[in-house]
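# Observations on the model geometry
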Amino acid sequence: MYRFLLTPRWWGINVFLLLAIPFCVFMGSWQLGRFEDRVDSHRDAEERIASDQREAARPLDDLLPVTKATSGKQTTASGRYDTQLLVPDRKLDDRDGYYVLTLLRTDTGRALPVVRGWLPGDPDPAEVPPVPAGEVTVTGALQASETPGSNGVSARGGLPEGQTSAISAASLVNLVPYDVYDAWVTLNRGDSGMKPVPASAPSGTGLDLKAFQNLGYTAEWFAFVGFVIFMWFRLLRRELELARDAELGLATDEDGDDADDAPRQPAGVSSPVQ
């Protein structure tokens with residue numbers, strides 16, 4: 001009854017099964033490894049942010065351009081505060097609020113975006129503490145320019161004057177008449193009672209959408225293993241049923257359709273004359 005397993009068709013099915021299962025297991029394990037790497041990277045980045053806060057601050061120009069190695073490092077810069085902007089749709093401690101972003105004009109002629117702190121509620125210039133006057137020296141965590149539409153950064157336009165959706169040189173250069181550093185700093189201590197904004201992990205090291213995509217792909221590849229095995233057993237069962245039907249004389253025609261509904265006449269018996 002199992003002789004059909006030796007046919008060329010079933011040889012092909014069995015070879016496909018033997019190749020598909022280890023391939024799906026390998027791909028699922030690889031995607032799982034990618035997810036675990038991102039988890040480890042996220043944990044290491046958070047630990048590094050905590051350790052960076054204990055390091056001595058270095059001059060801004062020594063840490064540029066911002067990379068995964070320099071993101072979160074303590075830096076210091078001096079200058080005079082100039083244009084102030086509000087950054088809406090920013091959460092802190094699960095509360096809605098906004099960042100207070102002020103551009104620090106340095107001796108280099110470029111301005112450094114500085115997040116002086118966070119305030120709850122909707123952006124309101126009347127609630128923002130005044131900008132410190134005169135020469136100031138800021139110390140905080142260095143951050144890379146944000147990309148609108150990623151990592152929770154709003155990409156919506158049409159904001160009121162005095163607001164920006166992303167802290168990036170590409171966005172700010174259109175709002176101020178001077179060059180802007182392709183980086184920003186969040187102060188370790190918020191100005192005038194504002195809450196300080198904690199440094200975030202560099203892009204590509206957090207548990208973002210891509211990380212959970214890897215986890216989803218892992219489940220898909222292992223699901224394919226189950227699907228392939230299920231289909232193999234289903235085909236095997238169908239072949240066994242056909243073999244039993246053939247032994248019992250119940251085989252169907254070549255198209256797989258059942259016999260005609262009308263009863264067949266025994267051989268040698270003619271139909272009655274109408």
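Residues numbered from 1 in each chain as written. Predicted model: local features only at pLDDT ≥ 70, side-chain atom pairs only at ≥ 80, totals over all residues. Heavy atoms only, no water.

Turning our attention to unusual backbone geometry. Going from Leu64 to Pro65, the amide bond is cis rather than trans, its omega being -5 degrees. Relative to the assigned elements, Pro65 resides in the loop between β1 (58–59) and β2 (74–92). Located in the positive-phi region is Asp93, a residue other than glycine, with phi close to 55 degrees. In this fold, Asp93 is placed in the loop between β2 and β3 (95–105). We note that Asp94 has phi near 65 degrees; this positive angle belongs to a residue other than glycine. Among the structural elements, Asp94 can be located in the loop between β2 and β3. (Helix = DSSP H or I, 4+ residues; strand = E, 2+ residues; numbered from the N terminus.)

Another aspect to go through is the nonpolar core. Counting residues in hydrophobic clusters, the biggest one holds 16 residues, and the most contacted among them are Tyr99, Leu101, Leu103, Val115, Ile167 and Leu172. At the level of secondary structure, the elements contributing two or more residues to this core comprise β2, β3 and β4 (111–120). Sequence-distant contacts of Leu101, defined by excluding residues within four places in its chain, comprise Thr83, Gln84, Leu85, Val87, Pro113, Val114, Val115, Thr164, Ile167 and Leu172. If you look at the next biggest cluster of nonpolar residues, it comprises 15 residues, including Val136, Leu142, Ala183 and Val185. (Core = buried A, V, L, I, M, F, W, Y, C linked by side-chain atoms within 4.5 Å. Buried < 20%, exposed > 50% of the residue type's maximum accessible area, 1.4 Å probe, protein only. Contact = heavy atoms within 4.5 Å.)

A separate point is the packing of aromatic side chains. A full pass over the atoms with the stated rule returns five aromatic pairs. Between Trp10 and Trp232, the aromatic rings sit 6.2 Å apart at their centres with planes inclined by 85 degrees, giving edge-to-face as the arrangement. Placement of the pair is Trp10 in helix α1 (residues 8–52) and Trp232 in helix α3 (residues 209–247), with a sequence separation of 222 residues. A relative accessible area of 0% means that Trp10 is categorised as buried. According to the relative accessible area criterion, Trp232 is buried, its value standing at 18%. Geometrically, the ring pair formed by Trp232 and Phe233 is edge-to-face, given 5.0 Å between the ring centres and 85 degrees between the ring planes. Following the ring pairs from residue to residue traces out a cluster consisting of Trp10, Trp232 and Phe233. Here the basic side chain of Arg105 rests over the ring of Tyr178, its NZ or CZ set 3.9 Å away from the ring centre. It is Arg116 that lies over the ring of Tyr81; its NZ or CZ is 5.9 Å from the centre. (Phe/Tyr/Trp six-rings, centres within 6.5 Å; stacked < 30°, edge-to-face > 60°. Lys NZ or Arg CZ within 6 Å of the ring centre and 35° of its normal.)

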